[in-house]
Amino acid sequence: MGTRLGLPRPKAFVELAGSSLLRRSIDAARASGVVDEVVVIVPAELADAVRAEFGEVTVVAGGAERSDSVRAGLAAAGDAELILVHDAARALTPPDLFVRVVTALRGDRQAVVPGLPVADTLKRVDGRGRVLSTPDRSELRAVQTPQGFAAALLRRAHAAAADATDDAGLVEALGAEVHVVPGDELAFKITTPYDLRLAELLLNREETR
């Protein structure tokens, strides 16, 4: 619902330079040339309005939890062999990133996620704020979307688990390998007013070039 943005509508429908985050995400997927069909999962009460506005995509109602919504999308994807799961809040994701993920899937990968090296030093802490350890950041990646999967593997992962914030995590739980390809700094998640302002500034910079 995008409550951290502090706006009275779901995050995917917030406008960025005249276009909603959802519209920008759909357009990027289509512009990549590697996406055959787009399935949009939305709150049930908004499904009819989204169908009217986005006639070129399949629209289905989501569920109570994130994984429920992904499962609804999987059911609507029919006999697709490859599935990309993308967060509309990553509205500046360039089409090339979709291509990068699909290219890896069409090679010998079954599960692929884009990721960026972590720049900050990270600490593991307990509930009292005490530092437990300092992970080696050279081994860490900040994972983005679209995350790509062989459809059969993703369906099996969702059938075996309840909910997760990350589809790759469900696949990992099956013992399957997940591979990381280079991400893109523009694929950041728009979650807070600061993120939205940053996205506006980046778009303005591109328009003035």
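All values reported here derive from a predicted model rather than from experimental measurement.

This part takes up the overall build of the protein. For the protein, the helix and strand inventory stands at seven helices and 11 strands. Relative to the compact-globule value of 17 Å for 209 residues, the protein shows a C-alpha radius of gyration of 18 Å, a close match. By its C-alpha atoms, the protein is 50 × 40 × 35 Å across when sized along the principal axes. Once local pairs closer than 6 in sequence are excluded, the contacts in the protein between residues at least 24 apart make up 63%. A total accessible area of about 11,600 Å² is found for the protein, and carbon and sulfur atoms account for 50% of it.

What follows is about the UniProt feature "site: Transition state stabilizer" (unreviewed entry) in the protein. Per the UniProt entry, the sites bearing "site: Transition state stabilizer" (unreviewed entry) are Arg4 and Lys11 in this numbering. Within the secondary structure layout, Lys11 lies in the segment before β1 (15–16). Residue class for Lys11 comes out buried when judged on its relative accessible area of 15%.

Take the packing of helix α3 (residues 66–76) against helix α5 (residues 151–159) next. Relative orientation of the contacting elements α3 and α5 amounts to 140°, with a least axis distance of 11 Å. With respect to each other, α3 and α5 are oriented oblique. Crossing of α3 over α5 shows left-handed handedness. The residues of α5 that touch α3, namely those facing Ser67, Val70, Arg71, Leu74 and Ala75, are Leu154, Arg155 and His158. Counted by class, the contact of α3 with α5 contains four nonpolar, two polar and two charged residues.

Moving on, we come to the pairing of strand β3 (residues 39–42). The two faces of β3 differ: Val40 and Val42 on one face are buried, but Val39 and Ile41 on the other face are not. Where β3 meets strand β4 (residues 58–61), four bridges bridge the pair, whose relative direction is parallel. Bridge pairing in β4 places Val42 opposite Ala61. Once you follow β3 into helix α2 (residues 47–53) and on to β4, the crossover reads as right-handed.

One pass over the full model with this rule turns up nine salt bridges. For the salt bridge of Arg71 with Asp68, the shortest nitrogen-to-oxygen distance reads 3.2 Å. Taken as a pair, Arg71 and Asp68 lie in helix α3 at a separation of three residues, close to a single helical turn. Residue Arg71 is classed as partly exposed on the basis of its relative accessible area, which comes to 24%. One salt bridge in this structure joins Arg130 and Asp126, with 2.7 Å as the shortest N-O distance. Accessibility expressed as a relative area gives 46% for Arg130, which makes it partly exposed.

Time to look at α5. All of the buried residues along α5 are Ala151, Leu153, Leu154, Ala157 and His158. In a view along the axis of α5, the buried residues occupy a sector of 165°, so they form one face of it. Turned more than 90 degrees away from the buried face of α5, the exposed residues are Ala152 and Ala159. Of the surrounding secondary structure, the elements contacted by the buried residues of α5 are α3, β5 (82–85), β6 (111–117), β10 (147–150) and α6 (167–173).

What counts, and where the lines are drawn
- Residue positions are given per chain, counted from 1 along the sequence in the order it is written.
- The predicted nature of this model means local features are confined to residues of pLDDT at least 70 and side-chain atom pairs, given and counted, to a pLDDT of 80 or more, with totals for whole chains, interfaces and linings taken over all residues.
- Neither water nor hydrogens contribute to the side-chain values; these are computed over all heavy atoms in the structure.
- Labels follow the DSSP assignment, with helices taken as runs of H or I lasting at least four residues and strands as runs of E lasting at least two, numbered in each case from the N terminus.
- For a compact globule the rule gives 2.2 Å times the number of residues to the power 0.38, and the radius of gyration it is set against comes from C-alpha atoms.
- Here, residues are in contact when the closest pair of their heavy atoms is within 4.5 Å.
- The Shrake-Rupley method, run with a 1.4 Å probe sphere, supplies the accessible areas, and residue values consider only the shown protein chains as cover.
- UniProt positions are given in the numbering used here, feature names are shortened, and annotations may be inferred rather than shown by experiment.
- Think of it in three bands: residues with accessible area under 20% of the maximum for their type are buried, residues over 50% are exposed, and the middle band is partly exposed, with areas taken using a 1.4 Å probe on protein chains only.
- Lines fitted to the C-alpha atoms define the axes, with helices restricted to the stretch that makes contact. Angles between their N-to-C directions range from 0 to 180 degrees.
- Angles below 35 degrees are treated as roughly parallel, those above 145 as roughly antiparallel, those between 65 and 115 as roughly perpendicular, and all remaining angles as oblique.
- The handedness criterion is simple: a crossing whose near helix is rotated anticlockwise from the far helix by less than a right angle is left-handed, and one whose near helix is rotated clockwise is right-handed.
- Residues are grouped as follows: nonpolar covers Ala, Val, Leu, Ile, Met, Phe, Trp, Tyr, Cys and Pro; charged covers Asp, Glu, Lys and Arg; every other residue, Gly included, is treated as polar.
- A pair of strands is considered paired only if DSSP assigns at least 2 bridges between the two.
- When the strands point away from the viewer, a crossover counts as right-handed if the path from the first strand over the helix to the second runs clockwise.
- A pair is scored as a salt bridge if a Lys or Arg side-chain nitrogen falls within 4 Å of a carboxyl oxygen belonging to Asp or Glu.
- Along the arc lie the directions from the helix axis toward the C-beta atoms.

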